[in-house]
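Structural overview for review
Chain by chain, the residues:
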Amino acid sequence: MTDGGYGDFEFERRFLVRDLPATLRDAPALVVQSYFLADEGYALRLRATAPGVDAPMDAGTDPAALLERYASAVDLCTLTVKGPMAGGTRYEAERVVDTGVGLQTIRRGGARIAKTRWSVWLGDDGWVVDVFGGANHPLVVAECERSGPVTDLQIPTFCVTELTDDARFSNDALANRPYSRWRAGYEAELAASGPRFLQGFGRNERLQGP
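1. Considering the packing of aromatic side chains
All chains considered together, the criterion is met by eight aromatic pairs. An angle of 45° between the planes, with centres 6.0 Å apart, marks the rings of Phe169 and Tyr179 as tilted. With Phe169 in the loop between strand E10 (159-162) and helix H3 (171-176) and Tyr179 in helix H4 (residues 179-193), the pair connects residues that are 10 residues apart, well separated along the chain. Using a relative accessible area of 0% as the deciding quantity, one classes Phe169 as buried. Assessed through its relative accessible area of 2%, Tyr179 is described here as buried. A centroid spacing of 6.2 Å and a plane angle of 90° characterise the contact between Trp182 and Tyr186, whose relative ring orientation is edge-to-face. Remark: Tyr186 and Trp182 occur in helix H4; sequence separation between them is four residues, near one turn of the helix. Feature note: the residues Phe169, Tyr179, Trp182 and Tyr186 constitute an aromatic cluster, connected by ring pairs.

See below:
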C-alpha cells in the first residue's frame, strides 16, 4: 500500500459480488495464505502470490494442493500483522519474505485460504475482486483500497451490498469460520434486511458498466 501519510494503516471498503462480469477477468493472480493467528480482528498472515495464474475455484479446491501445483509461479511472499477494522481503517504492517521460506512455512501450518484475485480499474479507483475456493466457495468480494480514507466512492453495480463493517467477511475470520458454514443464514439475513451501503464515507455513486 502506498503511504499517504498514515503510516501502517490500510483504508478499504468491501462489497459482496454475485456475478463478476467476464470483461473484468483479465489480470488474475492466485493467492494462497495461511493465518497463524486470527482472533478478534488481530491476525498474523503469510501470503504467497502467483501472478497470471487463473486456478479453478470451487467447493473442492484444496489450498495446500494448489500451492504445490503452482509453487514455481509464486514470485512474492509477504508476512503481515493486522489489527481490528474500525470504520474502514485497519492497522497493517507488511514485510516481504524470502519466497522459499514463505512457501515452506505455509506448507507447514496455519489456517489456509485460496482465492483468485482479479485486479481492475473502475471509475477513479483500482479494485481487486477475490473469488474464493474451498470451504469459502462461492464467496466473491470486491474491495477498493486507498492510501487514505475511502470517501466519495463510485461503487460498481455488480456490488450487491457493503461488507466493510461485517467482521465475518474478513479473510482472517473466514480462515477459521468459512463462508459455507453460515452462508444460508447470511442469505436469509440479507433477504430480510435488503442491501445496504454505508453512509458515513461521503457520497456514494453507483458506477454503471463495465
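2. Focus: unusual backbone geometry
For the bond from His137 to Pro138, the omega torsion is 10°, close enough to zero to count as cis. Looking at the secondary structure, you find Pro138 in the loop between strand E7 (125-132) and strand E8 (140-146). Despite not being glycine, Asp152 shows a phi value in the positive range, around 45°. Take Asp152: it is sitting in the loop between E8 and strand E9 (154-156).

3. Details of the confidence of the model for the protein chain
Averaged over all residues, the pLDDT of the protein chain equals 93, while 96% of them reach at least 70. Taking the mean pLDDT of every element in the protein chain, the minimum, 91, falls on strand E11 (residues 205-207) and the maximum, 98, on helix H2 (residues 99-108).

4. Points about the pattern of salt bridges
Where charged atoms of side chains with opposite charge meet at close range, the side chains can pair. Evaluation of the coordinates by the stated rule reveals 16 salt bridges. Across the pair Glu187 and Arg18 runs a salt bridge, and its minimum N-O distance is 2.9 Å. One end of the pair, Glu187, is in helix H4; the other, Arg18, is in the loop between strand E1 (9-17) and strand E2 (28-39), and 169 residues separate them in sequence. With a closest N to O distance of 3.6 Å, Arg45 and Glu94 form a salt bridge. Separated by 49 residues along the polypeptide, Arg45 in strand E3 (residues 42-51) and Glu94 in strand E5 (residues 89-97) bring together distant segments of the chain. Judged by its relative accessible area of 4%, Arg45 falls in the buried class. Glu94 sits in the partly exposed class, given a relative accessible area of 45%. Sharing partners across several salt bridges, the network here consists of Glu10, Lys82 and Glu92.

Basis of the calculations
Residues numbered from 1 in each chain as written. Predicted model: local features only at pLDDT ≥ 70, side-chain atom pairs only at ≥ 80, totals over all residues. Heavy atoms only, no water. Phe/Tyr/Trp six-rings, centres within 6.5 Å; stacked < 30°, edge-to-face > 60°. Helix = DSSP H or I, 4+ residues; strand = E, 2+ residues; numbered from the N terminus. Buried < 20%, exposed > 50% of the residue type's maximum accessible area, 1.4 Å probe, protein only. pLDDT = per-residue confidence, 0-100. Salt bridge = Lys/Arg side-chain N within 4 Å of Asp/Glu carboxyl O.

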